[in-house]
Amino acid sequence: MGMLDHWHPVLRAGELGRKPVAVKVAGQPIAVFRTTSGGLGAVADACPHRRLKLSAGDVAGDRIRCRYHGWTFDTCGNGESPSTPKLSACTTSFDVREEYGLIWVKSRGSDAPFPDVRMPGYLHICTLRHTIPAPLELVVDNFNEIEHSGTVHQTFGYDLDRMHEVKVRFEPTERSVRVVNVGPTKRINPVFGLLLNVRSGDLFHDDWTTYFSPVYSVFDHWWTSPDGARESMVRWRLYIFFVPVDERTTQVVSVTYAKSRYPGPAGCLRLFRRLLSRKIDEEIRADVEMLAHLADFDPGIEGLKLSRFDRVLGLTRERIARLYRGESVQSEK
Ligand code: FES
Ligand SMILES: [Fe+2]
């Protein structure tokens, strides 16, 4: 399979109204639109007549209409020209779905599995989209390694002075990579600590698995007392999708859930949803801001001095190449 053969979340559902919207996946510009009868369409974002962006046009009934000369295309890409009715003017169309509050696209006809983003028993906190000026592999590296949490993050991660105590375990399979970390939490905002019932010296548990069709990681975060007897009042589950926009830009789409042990409906989390959402946004922005300072965009790891946390880089690269990009590579266990 090639990159576009996998399902990619490209927009939050609320971002697609009556006007077509331009997105890009793996360098392919795509115009996504809603038909007036409520269907969805996704077509190559260049009119086959004289290459105006179809996303600059509008929707007429169940067709997207080019702004330049008014040619229209249905959701299968079948075109009609008002000036030359007998002309066959078809364009590439894509599979498109709306699920979990997101708009997803992929190539027509591939049989890629659709990711399951439900989390029964948890409350949905937020769905966010961040654009990072770095290639896919470098962004995945950032989200798949916890050593940077000592410096970059405020809430989720480990105390820099005790980073050497953090245990890390890798569990690769042919199609996934699991990483399990546990160690002394970093000091977190006292009000937040009180709300979560996290105390100084507690252990932070960070357990995630990365999959490769499409490329996404599923994170579980929670805290316990050092002896494991007391657990934080809130647990988090995050789905992070890594969508390559082009060779130098990656979009990170995150769907966050949380579960609380406080009494009351949804463990009172609805009261704090805005605060928790802001916290997630802050943490991802911290990664975005930090990655803007990469010295170069070379996704290679040869020649780097890697730490004990970085074994994951080789594991994910091999699977991105083989399972996501569809390249033939030797499997690394
Ligand atoms: S360029 Fe689209 S109709 Fe002419
Ligand atoms: Fe991070």
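Residues numbered from 1 in each chain as written. Chains lettered and ligands numbered in written order. Predicted model: local features only at pLDDT ≥ 70, side-chain atom pairs only at ≥ 80, totals over all residues.

**Notes on the overall build of the protein**
Operational definition: Secondary structure elements follow DSSP: runs of H or I no shorter than four residues count as helices, runs of E no shorter than two count as strands, and numbering proceeds from the N terminus. All radius of gyration figures rest on C-alpha atoms, and the globule criterion is 2.2 Å times the number of residues raised to 0.38.
Within the protein one finds five helices and 17 strands. Computed over the C-alpha atoms, the radius of gyration of the protein is 22 Å, within 12% of the 20 Å expected from 2.2 N^0.38 for a compact globule of 333 residues.

**Re unusual backbone geometry**
Phi is mostly negative for residues that are not glycine, and the peptide bonds are mostly trans. Defined as follows: With C-beta atoms placed from the backbone, a residue is labelled by how many other C-beta atoms lie within 10 Å of its own: buried for 20 or more, exposed for 12 or fewer, partly exposed between the two.
Of note, the amide linkage connecting Ser213 to Pro214 takes the cis form, showing an omega dihedral of -5°. By the element assignment, Pro214 lies in the loop between β14 (203-212) and β15 (215-224). Phi at Asn197 takes a positive value of approximately 60°, unusual for a residue other than glycine. Overall, the presence of 16 C-beta atoms within 10 Å leaves Asn197 in the partly exposed class. Phi angles above zero are rare outside glycine, and Cys268 is one such case at about 65°. On the secondary structure map, Cys268 appears in the loop between β17 (249-260) and α4 (269-291).

**A short note on the packing of helix α1 (residues 136-143) against helix α5 (residues 311-324)**
Cut-off, in case you're wondering: Note on geometry: axes are C-alpha line fits, over the in-contact stretch for helices, and angles between N-to-C directions span 0 to 180 degrees. Throughout, the term roughly parallel applies to angles under 35 degrees, roughly antiparallel to angles over 145, roughly perpendicular to angles from 65 to 115, and oblique to all others. Should the near helix be turned anticlockwise from the far one by less than a right angle, the crossing is termed left-handed; should it be turned clockwise, right-handed. Here, residue contact means that the backbone-derived C-beta atoms of the two residues sit within 7 Å. Amino acids are sorted into nonpolar (Ala, Val, Leu, Ile, Met, Phe, Trp, Tyr, Cys and Pro), charged (Asp, Glu, Lys and Arg) and polar (every other residue, Gly among them).
It is at 10 Å that the axes of α1 and α5 come closest, and there the two elements cross at 140°. Relative to α5, the element α1 is oriented oblique. Seen along the crossing, α1 lies across α5 with a hand that is right-handed. In this structure, α1 contributes Leu136, Glu137, Val140 and Asp141 to the contact, and α5 contributes Leu313, Thr316, Arg317 and Ile320. The class makeup of the residues in the contact of α1 with α5 is four nonpolar, one polar and three charged.

**As for the sheet that holds strand β5 (residues 58-60)**
This is how the line gets drawn: Here, a strand pair is defined by DSSP locating no fewer than two bridges between the strands.
The strand order β5-β6-β7-β8 describes an open sheet built from four strands, whose pairing is antiparallel. Each edge of the open sheet is held by one strand with a lone partner, namely β5 and β8 (79-80). Sheet analysis places strand β6 (residues 63-65) next to strand β7 (residues 72-73), joined by two bridges and oriented antiparallel. Looking at β7, one finds that Ile64 is bridged to Phe73.

**Structural notes on α4**
Note the cut-off: Here, expected helix span is obtained from the residue count minus one, scaled by 1.5 Å. One axis fitted to the seven residues ending at a residue, another fitted to the seven starting there: the angle between these axes is the bend at that residue.
Taking 1.5 Å of rise per residue, the 23 residues of α4 would be expected to cover 33 Å, and the 31 Å separating its terminal C-alpha atoms lies within 8% of that figure. If you look at α4, its biggest bend is around 35°, right at Leu275. Along its buried surface, α4 packs onto β11 (123-132) and β17.

**Overview of the sheet that holds strand β3 (residues 28-34)**
Strand order in the open sheet formed by three strands is β2-β3-β4, with antiparallel pairing between adjacent strands. Pairing within the sheet leaves two strands with one partner each, and these edge strands are β2 (21-25) and β4 (40-44). The average undirected angle you get between the axes of adjacent strands in this sheet is 30°.

**Focus on the pairing of strand β9 (residues 94-99)**
Across six bridges, β9 lies against strand β10 (residues 102-107) in antiparallel orientation. Note that in β10 the partner of Phe94 across the bridge is Ser107. Hairpin connection of β9 to β10: two residues between the antiparallel strands, including Tyr100 at a positive phi of 55°.

**So, the environment of Glu80**
When you line up the elements, Glu80 lands in strand β8. For Glu80, a count of 16 C-beta atoms within 10 Å gives the class partly exposed.

**Here's the deal with the domain arrangement of the protein**
Note the threshold: In this document the domain limits rely on a domain assignment from an automatic tool or a database.
Annotation of the protein at the domain level lists domain 1 (3-107) and domain 2 (123-324). Distance between the C-alpha centres of domain 1 and domain 2: 34 Å. Counting residues at the interface gives 14 residues for domain 1, matched by 12 residues for domain 2. For the side of domain 1 that touches domain 2, the secondary structure elements donating two or more residues are β1 (8-12) and β2.

**Section: the nonpolar core**
Note the following rule: Only buried residues count toward a nonpolar core: Ala, Val, Leu, Ile, Met, Phe, Trp, Tyr and Cys, linked into one set through C-beta atoms within 7 Å.
Grouped together as the largest cluster of nonpolar side chains are 73 residues, with contacts concentrated most on Val32, Val105, Val139, Ile240 and Phe242. For this core, the element with the most residues is strand β16 (residues 234-246), which contributes nine residues. Here this core spans two domains, and each of domain 1 (3-107) and domain 2 (123-324) adds at least three residues to it. Residues contacting Ile240, with those up to four places away along its chain left out, are Phe143, Tyr216, Ser217, Phe219, Val252 and Ser254.

**A word on the environment of Pro82**
Take Pro82: it is sitting in the loop between β8 and β9. Placed 12 residues apart in sequence, Pro82 and Gly70 show a C-alpha to C-alpha distance of 7.0 Å.

**So, the environment of Val96**
Relative to the helices and strands, Val96 resides in strand β9. Through-space distance from the C-alpha of Val96 to that of Gly41 is 6.4 Å; in sequence the pair is 55 residues apart. Ignoring any residue separated from it by four or fewer positions in sequence, one finds Val96 in contact with Val32, Leu40, Gly41, Ala42, Ile103, Trp104 and Val105.

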